[in-house]
Amino acid sequence: MSAKNNPSRQLDKRMKAKGLGRLRWYCTPCQKQCRDENAFKQHTLSEGHVRTIQTTFDGSVRKAIDDFSTQFQSDFLKLLKTSHGEKAVHVNRFYQVYIAQRDHVHLNATRWHSLTDFTKSLGREGLCRVEEKEDGEGGVGGLWISFIDRSPASISRQEALARAEKQDSTSAKIEARILQQQIDRAGRVPVTESQKPTEVIRTAGEAVQIQLPKITMQKQQPASRERPNVFRAARKKLASGTSGGADSDRKAGKRTNQETDGIDADDRSAKKPRND
C-alpha cells in the first residue's frame, strides 16, 4: 500500500512535521520544512521549487533578500516590544520564542549570516540596546538585548521623569546647603565646660542610673475680680452728709433713708391695735 493510501503513514508524517525542523533544511520561498538533508536536496531539484524561485526573485535576488530582511527585523522588534518592553532579555531565549511560530520569516532568508550578526546590527543602528555579559541574570552569559522605545509618548514620559529627578536633586542640594550652614553656625558658638560631653565610666555588670531634675508645675491662680459692695458705698454716701445727694435723689424720684424710716414708723403705728 502506498503512503498516500495508508492513513498511519500520513499521520506519522503529520506528527513529524508538527514540530520545528532544522533551519538549514527550510525553504523560505516555498515555505516548506524538510526533515533531512536528502529531502531538502530533492526539494531544490523539483520543478515547483524552481518555478517558485523564478516567480519570487524575478531576476533580482538582492531585492528579495532585502524584503525578507526588512520583514524579519520588523517582526522581531514588534515581538520584542510587546513581550518585554524595555527590559533586557537574553537574545537566544527570545529567539526561541520568535521561531515558535511556524509561519515566521527564517533567518537563513535574510542578509545576516547568524543571530549574533543580526543582534549587533540592531545595536549599531540604535534600534536596541545590546550588552555582552559574562554572567548575566540567572547565570547566563552572552548577548542581552533590550528594546529602545522612541515613540513620542515614551519621549515625553522620559522628559517628565528627567524634570522630576532634576527638581528632586535641586531640593536635596538646597536642604544639604541649609544643613551645612546650620552646622557651621553651631560650630562657631563657644562650648562651655558644662556643655561638653562627659565619659560614662562604669564597671562590668553595673547598671547606669540617670537622674533627671524634678520639674514642679505651679498651678496658676485665676485673677480674682472684686465685686463692688453696694452697702459700703451707701454707708459712705450717708456719712458724707451732703444734701446734694438727697436733693438729687428727690429729683430722680428716689426716697432718702429718713423718709423711709418715717414711712416705716407710720406703718407700724397704723398696724398697732387700739385699747378702748
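Look above for the structure.
Keep in mind it's a predicted model, so treat the numbers as computed, not measured.

Our next topic: the pattern of salt bridges. What the rule picks out here adds up to three salt bridges. The residue Lys63 makes a salt bridge to Asp67 at a minimum N-O spacing of 3.4 Å. Remark: Asp67 and Lys63 occur in helix α4 (residues 61-84); sequence separation between them is four residues, near one turn of the helix. Lys63 sits in the exposed class, given a relative accessible area of 52%.

By the element assignment, Thr110 lies in the loop between α5 (91-98) and α6 (115-124). Judged by relative accessible area, which is 9%, Thr110 ranks as buried. Linking Thr110 and Phe72, residues 38 residues apart in sequence, is a C-alpha distance of 7.5 Å. Sequence-distant contacts of Thr110, that is, excluding residues within four places in its chain, are made with Ile65, Phe68, Ser69 and Phe72. One polar contact links the side chain of Thr110 to the main-chain carbonyl oxygen of Leu107, over a distance of 2.6 Å.

Attention now moves to the side chain of His43. Tracing the backbone shows His43 in helix α2 (residues 37-44). Engagement of the side chain of His43 in a polar contact is seen with the side chain of His49, the distance being 3.4 Å. The residues touching His43, leaving out its near neighbours within four places in the chain, are Cys27, Cys30, Lys32, Cys34 and His49.

This part covers the nonpolar core. With 22 residues, the main nonpolar core has Phe72, Phe76, Tyr95 and Ile145 as its most contacted residues. Counting only elements with at least two residues in this core, the list comes to α4, α5, α6 and β5 (142-147). Considering every element that reaches this core, the biggest residue donor is α4, with five residues. If sequence neighbours within four positions are ignored, Phe72 has contacts with Tyr95, Tyr98, Val105, His106, Leu107, Thr110, Trp112 and Phe118.

Ordered in space as β3-β5-β4, the three strands form an open sheet in which the pairing is antiparallel. Among the strands making up the open sheet, the edge pair consists of β3 (89-90) and β4 (128-133).

We now examine the packing of α4 against α5. Relative to each other, α4 and α5 sit at 105°, their axes nearing to 11 Å. One finds that α4 runs roughly perpendicular with respect to α5. Seen from α4, the contacting residues are Phe72, Asp75, Phe76, Leu79, Leu80, Ser83 and His84; seen from α5, they are Phe94, Tyr95, Val97 and Tyr98. Grouping the constituent residues of the contact of α4 with α5 by class yields eight nonpolar, two polar and one charged.

Next up on the list: the side chain of His49. Relative to the helices and strands, His49 is located in helix α3 (residues 47-57). For His49, the residues in contact, after removing those within four places along its chain, are Cys27, Cys30, His43 and Thr44.

Turning our attention to a nonpolar patch on the surface. Together, Val208, Ile210 and Leu212 make up a nonpolar patch on the protein surface, roughly 360 Å² of accessible area in all. Among the secondary structure elements, Leu212 is positioned in the loop between α7 (152-188) and α8 (230-240). Overall, Leu212 belongs to the exposed group, its relative accessible area being 70%.

This part takes up the packing of aromatic side chains. Counted according to the given criterion, the structure contains nine aromatic pairs. A ring pair is formed by Phe72 and Trp112, whose centres lie 6.4 Å apart and whose planes are at 45°; its orientation type is tilted. Of this pair, Phe72 sits in helix α4 while Trp112 sits in the loop between α5 and α6, and the two are 40 residues apart along the sequence. Residues Trp112 and Phe118 carry aromatic rings whose centres are separated by 4.7 Å and whose planes lie at 65° to one another, so their mutual orientation is edge-to-face. There is no split in this pair, since Trp112 and Phe118 are both buried. Three or more aromatic residues joined by ring pairs form one cluster here, namely Phe72, Phe76, Phe94, Tyr95, Tyr98, Trp112 and Phe118. Here the basic side chain of Lys133 rests over the ring of Trp144, its NZ or CZ set 5.1 Å away from the ring centre.

Across the six residues of β5, five count as buried, placing the element largely inside the fold. Direction of pairing for β3 relative to β5: antiparallel, over a ladder of two bridges. Following the sheet pairing, His90 is matched in β5 by Trp144.

Calculation rules
- Residues numbered from 1 in each chain as written.
- Predicted model: local features only at pLDDT ≥ 70, side-chain atom pairs only at ≥ 80, totals over all residues.
- Heavy atoms only, no water.
- Salt bridge = Lys/Arg side-chain N within 4 Å of Asp/Glu carboxyl O.
- Helix = DSSP H or I, 4+ residues; strand = E, 2+ residues; numbered from the N terminus.
- Buried < 20%, exposed > 50% of the residue type's maximum accessible area, 1.4 Å probe, protein only.
- Contact = heavy atoms within 4.5 Å.
- Polar contact = N/O pair within 3.5 Å; in protein donor to acceptor, adjacent residues only side chain to side chain.
- Core = buried A, V, L, I, M, F, W, Y, C linked by side-chain atoms within 4.5 Å.
- Pairing = 2+ DSSP bridges.
- Axes fitted to C-alpha atoms, helices over the stretch in contact; angles between N-to-C directions.
- Parallel < 35°, antiparallel > 145°, perpendicular 65-115°, else oblique.
- Nonpolar A, V, L, I, M, F, W, Y, C, P; charged D, E, K, R; others polar.
- Patch = residues over 30% accessible without salt bridge, like charges linked within 9 Å, V, L, I, M, F, W, Y side chains within 5 Å.
- Areas by Shrake-Rupley, 256 points an atom, 1.4 Å probe, with all protein chains shown as cover.
- Phe/Tyr/Trp six-rings, centres within 6.5 Å; stacked < 30°, edge-to-face > 60°.
- Lys NZ or Arg CZ within 6 Å of the ring centre and 35° of its normal.

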